[in-house]
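Structural overview for review
Spelled out, the chains give:
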Amino acid sequence: MTTSFGLYSQYYDLLYKDKDYEGETAYVKALLEHYATDPIAQILELGSGTGIHAEKIAEAGYGVLGVELSETMLAAAMPKAAQSGGKLDFTLGDARTFRTDRRFQAVISLFHVLSYQTSDADLEAMMETVSHHLEDGGIFIFDFWYGPAVLWQRPSTRVKRLENDEISVVRVAESVIHDAENVVDVNYTIFATEKLSAKTEMVCETHRMRYLFLNEIDRLLTNAGMYRVIAEEWMSSSTPGTETWGVCVVARKNAG
Ligand SMILES: C[S@@+](CC[C@H](N)C(=O)[O-])C[C@H]1O[C@@H](n2cnc3c(N)ncnc32)[C@H](O)[C@@H]1O
């Protein structure tokens, strides 16, 4: 199975150790509580990565099944399941094709997982997976790269530096936009230096990201038997605009 998160995954938690997973989980939890019509017991997470959101959501009392395409990301998540007292489970799977007989009151897919589905067919397939697993009236919470902001701001080269006791990591992200396909190739070069030996490893990986527009999102949802309840800027809840790179949508599956 091909995935963008092959070598990159070994540095993922370090690269995002400054990410506000605590605040993000509180935000998602508030959306779950506000928009769910029935009490939520079980949540399906598509693209659960190293399992940080899932772990925090499970700590809040929900059962979470995480589905992840990358074996190395999944391996980093697994110990969290073992420590969760049965609240948390992770499995290898593809958000486009994953199927289980279980149904969920909510599906979540966080940190741009939808934007990793770069073709129309992939996006449609992921929406079908969501709809298949949602109970009628259940909700789907996801975020994605917002087209108007990507086109207005244009992706720029970014450098990120992070370290822990053992290694220091420099990540250079150079992006190429392909306007005709609504995708951006983010070319990552990672230099990881082991502090003790001063040895440096270089890793190169390209992540192709699809930016999306609300009319596309609405069409994808409608075709999969869902509808959009809200679209807002991720975390701030502001109205999306040309400054809003990450938009969060709450959608609902049609009743009956
Ligand atoms: C930016 S990471 C986000 C991980 C996690 N949700 C988080 O917030 O830390 C995107 C994740 O989506 C996964 N992913 C992308 N496409 C996928 C697919 N079709 N099925 C399952 N996982 C997928 C990647 O392997 C990666 O772990």
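What you see as residue numbers is a count from 1 along each chain, following the sequence as written. Where totals are concerned, whole chains, interfaces and linings use all residues; where local detail is concerned, this predicted model gives features only for residues with pLDDT of at least 70, and gives and counts side-chain atom pairs only at 80 or more. The basis for every side-chain value is the complete set of heavy atoms in the structure, and neither hydrogens nor water enter the calculation.

**Here's the deal with the packing of helix 5 (residues 120-133) against helix 7 (residues 214-223)**
Pairs of packed helices are described in terms of their axes, by the angle between the two and the distance that separates them. Here helix 5 crosses helix 7 at 50°, and the two axes come no closer than 9 Å. Classed by the angle they form, the pair helix 5 and helix 7 counts as oblique. Relative to helix 7, the crossing made by helix 5 is right-handed. Where helix 5 abuts helix 7, its residues Leu123, Glu124, Met127 and Glu128 lie against Arg219, Leu220, Leu221 and Asn223. Note on geometry: axes are C-alpha line fits, over the in-contact stretch for helices, and angles between N-to-C directions span 0 to 180 degrees. Put simply, DSSP marks the helices as runs of H or I at least four residues long and the strands as runs of E at least two long, and each gets a number from the N terminus on. Angles are sorted into four bins: roughly parallel if under 35 degrees, roughly antiparallel if over 145, roughly perpendicular if 65 to 115, and oblique for all others. Throughout, a crossing is termed right-handed when the near helix is turned clockwise from the far one, and left-handed when it is turned anticlockwise from it by less than a right angle. Here, two residues are considered to be in contact whenever any of their heavy atoms come within 4.5 Å of each other.

**A closer look at empty space enclosed by the protein**
Taking a probe equal in size to a water molecule and rolling it over the atoms shows the remaining empty space. Here a cavity is any set of points on a 1 Å grid over the protein atoms alone where a 1.4 Å probe fits but cannot get out, and a pocket is any open set with protein on both sides within 12 Å along at least 5 of 7 lines; a residue lines the site when it has an atom within 4 Å of a point. Grid points are joined across faces, edges and corners, and a volume is the space filled by probe spheres set on the points. Tallying each qualifying case throughout the model produces 1 cavity of 30 Å³ or more. Lining the largest cavity are Ala36, Thr37, Asp38, Ile40, Gln105, Glu135, Asp136, Gly137, Gly138 and Ile139. Ranked by residues supplied to the lining of the largest cavity, first place goes to strand 5 (residues 134-146) with 5 residues. Note that Gly is not counted as nonpolar here; it falls among the polar residues with everything else outside the nonpolar set of Ala, Val, Leu, Ile, Met, Phe, Trp, Tyr, Cys and Pro and the charged set of Asp, Glu, Lys and Arg. For the lining of the largest cavity, the per-class residue count stands at 3 nonpolar, 4 polar and 3 charged.

**As for the site of the ligand**
Not every one of the 22 residues close to the ligand is listed here, only the nearest: Tyr12, Tyr21, Gly47, Glu68 and Ala95. Contact with the protein chains removes 97% of the 600 Å² of surface that the ligand exposes when unbound. Here a residue counts as near a molecule or strand whenever at least one of its heavy atoms sits within 4 Å of it. For the area figures, the Shrake-Rupley method with a 1.4 Å probe applies, and any residue is considered shielded solely by the protein chains shown.

**Side note on the packing of aromatic side chains**
Any two rings among Phe, Tyr and Trp, with Trp reduced to its six-membered ring, count as a pair given centres within 6.5 Å; such a pair is stacked if its planes are under 30 degrees apart, edge-to-face if over 60, and tilted if neither. This model, assessed by the stated rule, comprises 7 aromatic pairs. Summarising the aromatic geometry, the rings of Tyr12 and Tyr16 are spaced 4.8 Å apart at their centres and angled 50° between planes, so their arrangement reads as tilted. Across the pair, Tyr16 and Tyr12 agree in class, each one buried. Seen in terms of ring centroids, Trp145 and Trp245 are 5.3 Å apart; in terms of plane orientation they differ by 75°. Their pairing is edge-to-face. Of this pair, Trp145 sits in strand 5 while Trp245 sits in the loop between strand 10 (226-233) and strand 11 (246-253), and the two are 100 residues apart along the sequence. Taken together through their ring pairs, the aromatic side chains of Tyr12, Tyr16 and Phe111 make up a single cluster. By definition, being over a ring means that NZ of Lys or CZ of Arg is both within 6 Å of the ring centre and within 35 degrees of the ring normal. Just above the ring of Tyr21 sits the side chain of Lys19; from NZ or CZ to the centre is 5.4 Å. Residue placement shows Lys19 over the ring face of Phe111; its charged tip is 3.5 Å from the ring centre. Buried, partly exposed and exposed residues are distinguished by accessible area as a fraction of the type maximum, computed with a 1.4 Å probe on protein chains only: under 20%, between the cut-offs, and over 50%, respectively.

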